[in-house]
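One-letter residues, chain by chain:
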Amino acid sequence: MKNKKTEANLSMIVSKTFSGLNANALKYLLPLWIAPLTGVMFRCVFAAIVFWIISIFWKQDKTTRREKITLFLLGAIGLYGFMFFYLLGVSKTTPVSSSLFSSLQPIWVFILSVIFLRERITAMKIIGIAIGLGGALLCILTQKSDDLASDAFTGNMLCLISSIAYAAYLIVSNVVLGKVSSLNMLRYSFLGAAVSSLIVMAFTGFDGHLFIHFEWTPFLVLMFVLIFPTTISYLLIPIGLKYLSTTLVALYGYIILIVATIVSLSIGQDRFSWYQMIAIALICSSVYFVEIAESKDKR
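To start, this report covers the structure provided alongside it. If you're wondering where the values come from, they're calculated on a predicted model, not measured in any experiment.

Calculation criteria
Residues numbered from 1 in each chain as written. Predicted model: local features only at pLDDT ≥ 70, side-chain atom pairs only at ≥ 80, totals over all residues. Heavy atoms only, no water. Phe/Tyr/Trp six-rings, centres within 6.5 Å; stacked < 30°, edge-to-face > 60°. Helix = DSSP H or I, 4+ residues; strand = E, 2+ residues; numbered from the N terminus. Buried < 20%, exposed > 50% of the residue type's maximum accessible area, 1.4 Å probe, protein only. Lys NZ or Arg CZ within 6 Å of the ring centre and 35° of its normal. Polar contact = N/O pair within 3.5 Å; in protein donor to acceptor, adjacent residues only side chain to side chain. Contact = heavy atoms within 4.5 Å.

Side note on the packing of aromatic side chains
So, step 1. All chains considered together, the criterion is met by 17 aromatic pairs.
So, step 2. A centroid spacing of 4.6 Å and a plane angle of 45° characterise the contact between Phe82 and Tyr166, whose relative ring orientation is tilted. Of the two residues, Phe82 sits in helix 3 (residues 65-90) while Tyr166 sits in helix 7 (residues 152-177), which places them 84 residues apart along the sequence.
So, step 3. Its relative accessible area of 10% is what places Tyr166 among the buried residues.
So, step 4. A ring pair is formed by Phe190 and Tyr234, whose centres lie 5.2 Å apart and whose planes are at 90°; its orientation type is edge-to-face. Here Tyr234 lies in helix 9 (residues 216-243) and Phe190 lies in helix 8 (residues 182-204), a separation of 44 residues in the sequence.
So, step 5. Among the residues examined, Tyr234 registers a relative accessible area of 9% and is labelled buried.
So, step 6. Among the aromatic side chains, those forming a connected cluster through ring pairs are Phe82, Tyr86, Tyr166 and Tyr169.
So, step 7. Sitting above the plane of the Trp52 ring, Arg187 keeps its charged end 4.5 Å from the centroid.

Rendered as structure tokens:
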């Protein structure tokens, strides 16, 4: 069991590190080399193909028709909605700001659980939510548009919406995971997301400057996004959820923010801002308050 927990910890570290680098890679690609919605299509279709190929060589549990339809709709609406808003947001704001809003996901999970699942409310959780929303508001109101963020306000709002969409996806997927395997969930949900992305592409059209004027560097960055943050990261997350506490898994989300901040400042994708640092501190504190309160409730 100890070895399993060690593997789970390593899987979460690797997964969240890839997620942090994902923000920097997407900022490099969007919208210069590839349009955001075209990028969403590539991510959804690539991952769906990989997960279905893996399922050929992996013994699968039986799933009912209703479960398959539920997973398909979960991907078509929840997973695609998350990527839709996230990539549009990253293209307009900085990787640090986009990762900052991604760190709010545990807060949205709790709020949605209170509304739909009648989660217990405590004073510590309310304090955590208030601090987190204060940090998000500080980032939204103080960040100005510049050469690094073409439309910071719109981008931040889109990333905020994407974090709420992903929280809803997590809540529903956690319920479904009690009945089906993680690979079945991934292959059917990404199939739904892929279909949605192709339908949207039929109306918006394919927009990829990279494939008109091919260059190796952006192509390799795109392949990194498709293989590591999109495919491998999603495969590793269920390992962490199986052997680690929800609190610890949520706290690993800080790695995304830390990696994105260090890389962004190092390669010039963002500039140091005291307002942004204060917002990061507030949001990290808020997640800590909510998750520690949740762990105490469970004990």
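A look at the side chain of Thr230
So, step 1. Looking at the element boundaries, Thr230 is found in helix 9.
So, step 2. Relative accessible area serves as the criterion here: at 0%, Thr230 is assigned to the buried category.
So, step 3. From its side chain, Thr230 meets the backbone oxygen of Val225 in a polar contact 2.7 Å long.
So, step 4. Excluding residues within four positions of it along the chain, Thr230 makes contact with Arg43, Ala47, Phe190 and Val225.

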